[in-house]
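Inside the fold
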Amino acid sequence: FPQTWEDLTEVHPELNVKGDNDPLDVVEIGSRAFKKGEVVRVKILGALAMIDHGELDWKLIAVSVDDELAKELHDVHDLEAKIPHVVNGIREWFRWYKAPDGK
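Residues numbered from 1 in each chain as written. Predicted model: local features only at pLDDT ≥ 70, side-chain atom pairs only at ≥ 80, totals over all residues. Heavy atoms only, no water.

The next thing to look at is the overall build of the protein. Across its full length, the protein carries two helices and four strands. Its C-alpha atoms put the protein at 40 × 30 × 25 Å along the principal axes. Contacts in the protein between residues far apart in sequence, at least 24 positions, make up 48% of those at least 6 positions apart. Carbon and sulfur atoms provide 52% of the accessible area of the protein, an area that totals close to 7300 Å². If the 13 positive side-chain charges of the protein are averaged to one point and the 21 negative ones to another, these points end up 4 Å apart. (Helix = DSSP H or I, 4+ residues; strand = E, 2+ residues; numbered from the N terminus. Contact = heavy atoms within 4.5 Å. Areas by Shrake-Rupley, 256 points an atom, 1.4 Å probe, with all protein chains shown as cover. Lys, Arg positive; Asp, Glu negative; His and termini not counted. Charge placed at Lys NZ, Arg CZ, Asp CG, Glu CD.)

This paragraph deals with unusual backbone geometry. Residue Asn16 is not a glycine yet carries a positive backbone phi of 60°. Of note, Asn16 is situated in the segment before strand E1 (18–19). A relative accessible area of 61% places Asn16 in the exposed class. (Buried < 20%, exposed > 50% of the residue type's maximum accessible area, 1.4 Å probe, protein only.)

With respect to the element layout, Arg32 can be found in the loop between strand E2 (25–28) and strand E3 (42–52). Expressed as a C-alpha distance, the spacing of Arg32 and Val63, which sit 31 residues apart in the sequence, is 10.0 Å. Setting aside its immediate chain neighbours within four residues, Arg32 contacts Glu38 and Asp67. Only 2.9 Å separates the side chain of Arg32 from the side chain of Glu38, close enough to count as a polar contact. (Polar contact = N/O pair within 3.5 Å; in protein donor to acceptor, adjacent residues only side chain to side chain.)

Let us look at the packing of aromatic side chains. Scanning the model with the defined rule gives one aromatic pair in all. Ring centres of Trp93 and Phe94 lie 5.0 Å apart, and the angle between their planes is 90°; this geometry places the pair in the edge-to-face category. Looking at Phe94, the relative accessible area reads 15%, which means it is buried. (Phe/Tyr/Trp six-rings, centres within 6.5 Å; stacked < 30°, edge-to-face > 60°.)

Examined against the element boundaries, Ser64 turns out to sit in strand E4 (residues 55–64). Sequence-distant contacts of Ser64, defined by excluding residues within four places in its chain, comprise Glu28, Phe34, Val40, Arg41, Val42 and Ala70.

Another point: the side chain of Asp67. On the secondary structure map, Asp67 appears in the loop between E4 and helix H1 (76–82). An unpaired buried charge is present at Asp67: no salt bridge exists, and Arg32, the closest side chain of opposite charge, is 8.6 Å distant. Looking at Asp67, its side chain comes within polar contact range of the main-chain nitrogen of Leu69, at 2.9 Å. The residues contacting Asp67, other than those within four sequence positions of it, are Gly30, Ser31 and Arg32. (Salt bridge = Lys/Arg side-chain N within 4 Å of Asp/Glu carboxyl O.)

Here it is, written out as structure tokens:
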């Protein structure tokens, strides 16, 4: 889904916020480190809806289809069973990564 952006004109029906007009963020949780901008086939396991400055900012959680865990992971429940607390760790990382900049 290259160039898939959050729609700043559409209000999310449950969260009551608009998109942030940024590309979707993908967190790949596999064992290999990828280069920035590298194109990789992934399996989407779930998503985190985060609100940043009053705008909706989706974080998609994925695993490379070539990763050894890809066959065992089908959703965030599988992910939490196999690698406990990883979803919470991702949530906390995104919550704190802007803190040093005061954002």
